[in-house]
Amino acid sequence: MPQTPIETSPSSETGANLSARPAAEAAKPAPSSLQQPEGVTASLVLSDGSVFWGKGLGATGTSVGEVCFNTSMTGYQEIITDPSYAGQIITFTFPHIGNVGTNQEDIETKTPAARGVVIRLDITEPSNWRAVQHLDAWLKSQNLIGIAGVDTRALTRRIRDLGAPQGCIAHAADGNLAVDSYQAEAAQWTGLEGMDLAAEVTTRQTYKWEQTGWSLSDGYGTLSEARHHVVAVDYGAKHNILRCLASEGCRVTVVSASATADEILAQAPDGIFLSNGPGDPAATGVYAVPTLRTLLDKGLPVFGICLGHQILALALGAKTHKMHLGHRGGNHPVKDLTTGKVEITSQNHGFVVDATSLPEGVEETHISLFDKTNEGLRVKDRPVFSVQYHPEASPGPQDSHYLFKRFVDLLDERAKSH
């Protein structure tokens, strides 16, 4: 049976009580006054002094990052391996994380960039026919730190009310946890604003991608006949996005985020794809925006997702800013303003395009029904569009798969006219 979560905070109150206190009051207590509970081997210490104790998972050591939460009920392995989580410690609001184990297929990148994982309950033995390895062992193999037994409801409410904090996650097998120094590490971390994390997760060399989507009977397939050649600019690309492009008949060449316009055009693409990725779009845009502006002048179809959407907006003259807590989960309703339809989408972003800054000739196509923030745009007189959310359904839902076909339709139209 899973153990009851250990719920402690910077004072004698429980984590649940802490989340209900005013922000200024909640930030007062210092870690040095804490009595470490017996049997704990891990802690999550926030920069304001909040401490969450628990049981260590995966690798030992410490890691610092922005603490966020994800509300998805499935797909924890895809989430943990999403390069867009670089610099972040992921809190799962769904309690049963790890119960279906891990495998070598449900990953979005070979080397995860997340800083840590926070879950509520101890991991039960894997119960799924596709399971190859226990989540604890897999986290250890990926050098990722995890903590179980945290009052994730209290932590999530704290993030919701006060914004995403900086935190230090630590796992010490002997239980020797120096929470004072962990708070100092968290407080000294610079945060995600101004960080170009795409440079850390992008590919170091150009490569071809021809793997298609997964099926129950055959696993992943291979592109047999390509209709178009797409160059994907890798700001932190998820594998399943590339699979979706290949499944639509696109031979994909993946290039680094720092690739120049000349290097991209030398590949003779029929269209350009701008991938998802982590960090501050304005920081990545320092080198990505000039390149993209040159590519936009060539008239090629362009499709962007997540960070690619934000970089495109910047290249068109719009602005971006950091959100209070971001959108992360698989249940976000988005309205397509061109059709009036509502899609349930998968999202993972902490920055957003300012819709009021979109220039003339660029229209907003999608909005979040949670907070009315921008979720998509298109250029009126060019075959160029992008969305903030993740249509590749990894993890699901699959409501937005049509966007890949929309991109291919633009490639078809250009092929006919040329």
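Please refer to the structure placed before this passage.
Values in this document were obtained by computation on a predicted structure and should not be read as measured data. Along each chain, numbering runs from 1 in the same order as the chain's sequence is written. Only residues with pLDDT of at least 70 are given local features in this predicted model, and only at 80 or more are side-chain atom pairs given and counted; all residues enter the totals for whole chains, interfaces and linings. Working from all heavy atoms in the structure, the side-chain values ignore hydrogens and water.

Trainee: I keep staring at the sheet that holds strand S7 (residues 166-171) and nothing clicks. Help me out?
Mentor: Each strand in a sheet pairs with another by means of backbone hydrogen bonds, the pair being arranged parallel or else antiparallel. Here a strand pair is declared whenever DSSP counts at least two bridges between the two strands. For helices the rule is a DSSP run of H or I covering at least 4 residues; for strands it is a run of E covering at least 2, with both sets numbered from the N terminus onward. Here seven strands make up a closed barrel; going around it, the order is S1-S2-S6-S5-S4-S3-S7 and the pairing mixed. Mean inter-strand twist for the sheet, computed between neighbouring axes without regard to direction, equals 35°. Two strands pair when backbone bridges link them, and strand S4 (residues 88-92) and strand S5 (residues 116-118) are joined in this way by three bridges, in the parallel orientation. Following the sheet pairing, Thr 91 is matched in S5 by Val 118. In this analysis, two residues are considered to be in contact whenever any of their non-hydrogen atoms come within 4.5 Å of each other. Simply put, an axis is a line fit to the C-alpha atoms, just over the touching stretch for a helix, and the angle between two N-to-C directions goes from 0 to 180 degrees. Packed onto the sheet, helix H5 (residues 152-162) meets strand S1 (42-46), strand S2 (51-58), strand S3 (61-70), S4 and S5 and runs at close to 75° relative to S3. Strand contacts of helix H6 (residues 179-188): S1, S2, S3 and S7, with the helix running at about 45° to S1, the strand carrying the most contacts.

Trainee: Would you explain the packing of aromatic side chains in this entry?
Mentor: Any two aromatic rings considered together are summarised by their centre-to-centre distance and by the angle between their planes. Geometry of aromatic contacts follows a simple scheme: Phe, Tyr and Trp rings, the Trp one being its six-membered ring, pair when their centres are within 6.5 Å, and the pair is stacked under 30 degrees between planes, edge-to-face over 60, tilted otherwise. If you walk through the whole model with that rule in mind, you get four aromatic pairs. Seen in terms of ring centroids, Phe 273 and Phe 303 are 5.6 Å apart; in terms of plane orientation they differ by 70°. Their pairing is edge-to-face. With Phe 273 in strand S13 (residues 271-274) and Phe 303 in strand S14 (residues 302-305), this residue pair connects regions lying 30 residues apart in the sequence. Each residue gets one of three labels from its accessible area relative to the maximum for its type: buried under 20%, exposed over 50%, partly exposed in between, using a 1.4 Å probe on protein chains only. Taking relative accessible area as the criterion, Phe 303 reaches 0% and is therefore assigned buried. Look at Phe 303 and Phe 385: their rings are 4.6 Å apart centre to centre, the planes differ by 15°, and that puts the pair in the stacked class. Of this pair, Phe 303 sits in strand S14 while Phe 385 sits in strand S19 (residues 384-387), and the two are 82 residues apart along the sequence. An aromatic cluster is present here, built from Phe 273, Phe 303, Phe 385, Phe 404 and Phe 407 joined pairwise through their rings. Note that Arg 130 overlies the ring of Trp 214, its terminal NZ or CZ placed 4.8 Å from the centroid. Here, over-ring charges are defined by two tests on the NZ atom of lysine or the CZ atom of arginine: distance to the ring centre within 6 Å, and angle to the ring normal within 35 degrees. Across from the ring centre of Phe 351, 5.8 Å away, lies the NZ or CZ of Lys 322, which sits over that ring.

Trainee: Please clarify how the pairing of strand S18 (residues 374-379) should be interpreted in this entry.
Mentor: Remember that side chains alternate between the two faces of the sheet whenever the strand is regular. Most of S18 is tucked away, with five of its six residues classed as buried. Alignment of strand S17 (residues 362-368) against S18, held across five bridges, turns out to be antiparallel. Residue Glu 364 lies in a different strand from S18, and its bridge partner there is Leu 377. Between S17 and S18, which pair antiparallel in sequence order, lie five residues; one of them, Lys 372, sits at a positive phi of approximately 70°. For S18 and S19, the ladder comprises four bridges, and the chain directions are antiparallel. Of the residues in S19, the one forming a bridge with Arg 378 is Phe 385.

Trainee: Help me understand the packing of helix H10 (residues 281-296) against helix H11 (residues 307-316), please; the structure alone is not making it clear to me.
Mentor: The relative placement of two packed helices is expressed as an angle between their axes plus a distance between the axes. Across the interface, H10 lies against H11 with an axial gap of 8 Å and an inter-helix angle of 65°. In terms of orientation, H10 and H11 fall into the roughly perpendicular class. For the pair H10 and H11, the crossing hand works out as right-handed. The segment H10 lies against H11, with Pro 281, Ala 282, Thr 284, Gly 285, Ala 288, Val 289, Leu 292, Arg 293 and Leu 296 engaging Leu 307, Gln 310, Ile 311, Leu 312, Leu 314, Ala 315 and Leu 316. Of the residues that constitute the contact of H10 with H11, the class distribution is 12 nonpolar, three polar and one charged. Oblique is the label for every angle not falling under 35 degrees (roughly parallel), over 145 degrees (roughly antiparallel), or within 65 to 115 degrees (roughly perpendicular). Note: crossing handedness is left-handed where the near helix turns anticlockwise from the far helix by less than a right angle, and right-handed where it turns clockwise. When residue character is reported, Ala, Val, Leu, Ile, Met, Phe, Trp, Tyr, Cys and Pro are called nonpolar, Asp, Glu, Lys and Arg charged, and the others, Gly included, polar.

Trainee: Sorry if this is basic, but what is going on with the side chain of Ser 256 here?
Mentor: Following the sequence through the fold, Ser 256 ends up in strand S12 (residues 250-256). Since its relative accessible area comes to 15%, Ser 256 is described here as buried. Distance and chemistry together define a polar contact, namely a pair of N or O atoms within 3.5 Å, with one atom able to donate a hydrogen and the other to accept it when in protein, and with adjacent residues in sequence counting only for side-chain atoms on both sides. Polar side-chain contacts of Ser 256 include one of 3.1 Å to the side chain of Ser 258.

Trainee: Mind showing me how you'd approach the pattern of salt bridges here?
Mentor: Opposite charge on two side chains makes pairing possible when the charged atoms of those side chains draw close. Here, a salt bridge means any Lys or Arg side-chain nitrogen found within 4 Å of an Asp or Glu carboxyl oxygen. Counting across every chain of the model gives 12 salt bridges. Across the pair Arg 378 and Glu 363 runs a salt bridge, and its minimum N-O distance is 2.4 Å. Taken together, the residues span a long stretch of sequence, with Arg 378 in strand S18 and Glu 363 in strand S17 at a distance of 15 residues. Glu 363 gets classed as partly exposed once you look at its relative accessible area, which sits at 23%. Within the structure, one salt-bridge network assembled from shared partners comprises Glu 105, Asp 106 and Arg 130.

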